[in-house]
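Residue-level listing of the chains:
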Amino acid sequence: MHPIVTVGSVAFDSVKTPFGEASRVVGGAATYFAVAASFFTDVRLVGVVGEDFAEEHARVFAGRRIDTAGLQRVPGETFRWKGEYGFDLNTRETIYTRLNVFERFRPVLPDEYRSTPFVFLANIHPALQTEVLTQVERPRFVAADTMDYWIEGTPEELRAVLRRIDALVINDEEARQLAGESNVVKAARAIQKLGPRLLVIKRGEHGVLMTRDDGFFAAPGMPLDTVMDPTGAGDTFAGGFMGYLASAPETTDEVLTRAAIAGSALASLAVEDFGLDGLLRASSKTINQRFQAFKRLTHFEVL
Ligand code: AMP
C-alpha cells in the first residue's frame, strides 16, 4: 500500500439542484479526492484555506487517513464556488468562482511528502501542478485533472504538465476540447501523443471510458433512483480510482480495471446526497456492495 499526495482546491461550495440547495458547505476538488481515496490508502493533502475555514470545517478530514500538514491556512477567505444544475443534472452553470486565497497560493510540500509514490494533481492552474510535481522525488505514478478554463487559457503550461504525467483523468467534453477532435476515441489517442499513456474519460451519468493497451475498458454509470447533487463526482471518481491503484502492489491492466470500478462505486455513493454528505457516510461495506452491484450490472455470458 502506497500513500498519495494531492494538490487542489479546498472550498466553500454553494449548490442548487432541482432537489434542493446547499449553502457554503465544505467542498473543493482536493477535498472530494482526499475523502474518496482515504477509503483505500493514506492521503497527503496540499492546498490552502483562509481564516474562515474553522475547526468545524476541518472535521471532514478528521478520523480519516488524511494528513493535512500540507494544507496552509493563511489570512483571507477560502476559495468559493457556486453552481446551479439544470433539470436532468447533466448541465451545470457556474454562478461564481472566487479564487480568494488561491490567488497567491504557492504549494509547498512538507519534507515528509516529497517521496510520495502516487501523485494526483487535481484541477488547478497547470503551473501550480508543475510546482508540486517538481517537489516530488521520482514518483511512481502521476495523474492529473484539468478543465476548459486551463485548456483555453494556459495551453502551454498545460502541455508541460501532460508531458510529465502517466494518466489524465478528465471528462469527455474536455477531452474533445483538448484534442480538437469530436470523436472521443480519436481524442483519447491524440491526447496520449501529448504525454499520458493512460486516458480516463469521465462521462457523467454514462460512466467511464479508459484506454488500455489492447483497446478500451468502459463501465456504465450505476443506474440510481436518487441523485441529489453531482458536484464533486469527477473528483470522487479520481479519488476512488487512485486510492485503489495505490493500495495495489502493481499497476496491471486488471488492477486499472478494478480501480475504474472503485472510482465509479464511490462516485455513485457521493451523488446520492448534497455536497460531501454521501461520501462521508460511505463505508467499506457500502463501497463493496456497490462494487458487487457493478458486477451484476455489467456481467453477461456469451453463448
Ligand atoms: P466537479 O463537480 O468534479 O467539477 O468538481 C466540483 C468541485 O470543484 C467543487 O467542489 C468546486 O469547489 C471545485 N471547483 C470548481 N471550479 C474550480 C476551479 N476553477 N478551480 C478549482 N476547483 C474548482
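Our subject is the structure listed above.
Conventions adopted
- Residues numbered from 1 in each chain as written.
- Predicted model: local features only at pLDDT ≥ 70, side-chain atom pairs only at ≥ 80, totals over all residues.
- Heavy atoms only, no water.
- Helix = DSSP H or I, 4+ residues; strand = E, 2+ residues; numbered from the N terminus.
- Contact = heavy atoms within 4.5 Å.
- Areas by Shrake-Rupley, 256 points an atom, 1.4 Å probe, with all protein chains shown as cover.
- Lys, Arg positive; Asp, Glu negative; His and termini not counted.
- Charge placed at Lys NZ, Arg CZ, Asp CG, Glu CD.
- Near = heavy atom within 4 Å.
- Polar contact = N/O pair within 3.5 Å; in protein donor to acceptor, adjacent residues only side chain to side chain.
- Nonpolar A, V, L, I, M, F, W, Y, C, P; charged D, E, K, R; others polar.
- Pairing = 2+ DSSP bridges.
- Axes fitted to C-alpha atoms, helices over the stretch in contact; angles between N-to-C directions.
- Parallel < 35°, antiparallel > 145°, perpendicular 65-115°, else oblique.
- Left-handed = near helix turned anticlockwise from the far one by under 90°.
- Phe/Tyr/Trp six-rings, centres within 6.5 Å; stacked < 30°, edge-to-face > 60°.
- Buried < 20%, exposed > 50% of the residue type's maximum accessible area, 1.4 Å probe, protein only.

A. Fine view of the overall build of the protein chain. When helices and strands are counted, the protein chain shows eleven helices and 13 strands. Dimensions of the protein chain along its principal axes, counting C-alpha atoms only, are 65 × 40 × 35 Å. Long-range contacts, defined as pairs at least 24 residues apart, comprise 65% of the intrachain contacts of the protein chain with a sequence gap of at least 6. Summed over all atoms, the accessible surface of the protein chain reaches about 13,900 Å², with 48% contributed by carbon and sulfur. Distance between charge centroids for the protein chain: 3 Å, based on 33 positive and 40 negative side chains.

B. Up close: the site of the ligand. The local shell around the ligand holds 16 residues, among which Ser9, Asp13, Gly28, Arg92 and Gly232 are the closest. The contact in question runs from a nitrogen atom of the ligand to an N or O atom on the side chain of Ser9, over 2.8 Å. Within the side chain of Asp13, an N or O atom sits 2.5 Å from an oxygen atom of the ligand. In isolation the ligand offers 510 Å² of accessible surface; the protein chains occlude 86% of this area. Elements that contribute at least two residues to the shell around the ligand include exactly strand E2 (11-17), helix H1 (29-37), strand E6 (79-85) and helix H8 (233-247). In terms of residue class, the shell around the ligand is made up of six nonpolar, seven polar and three charged.

C. Layout of the sheet that holds strand E12 (residues 208-212). If you walk across this open sheet you meet the nine strands as E5-E4-E1-E8-E9-E10-E11-E12-E13, and the pairing is mixed. Each of the sheet's edge strands pairs with one partner strand only, and the pair in question is strand E5 (66-73) and strand E13 (215-219). Sheet twist, expressed as the average angle between the axes of neighbouring strands with direction ignored, equals 15 degrees. Pairing of E12 with E13 involves five bridges; the strand directions are antiparallel. Along E13, the bridge assignment pairs Leu209 with Ala218. Strand contacts of H8: strand E1 (4-7), strand E8 (118-121), strand E9 (141-144), strand E10 (167-171), strand E11 (198-202) and E12, with the helix running at about 170 degrees to E8, the strand carrying the most contacts.

D. Expanded view of the packing of helix H3 (residues 126-135) against helix H5 (residues 155-162). Their axes nearest at 8 Å, the elements H3 and H5 cross at an angle of 30 degrees. By the angle class used here, H3 and H5 are roughly parallel. At the point where H3 passes H5, the crossing takes the left-handed sense. Contacts between H3 and H5 involve Pro126, Ala127, Gln129 and Thr130 from the first element and Glu157, Leu158 and Val161 from the second. Its residues assigned to classes, the contact of H3 with H5 shows four nonpolar, two polar and one charged.

E. View of the packing of aromatic side chains. Throughout the structure, instances matching the rule amount to nine aromatic pairs. Their ring planes at 15 degrees and their centres at 5.9 Å tell us that Phe237 and Phe241 sit as a pair that is stacked. On the criterion of helical spacing, the pair formed by Phe237 and Phe241 is a turn pair, its members being four residues apart in helix H8. Exposure remark for Phe241: the relative accessible area of 0% places this residue in the buried category. The structure contains a cluster of three or more aromatic residues connected by ring pairs, namely Phe40, Tyr244 and Phe291.

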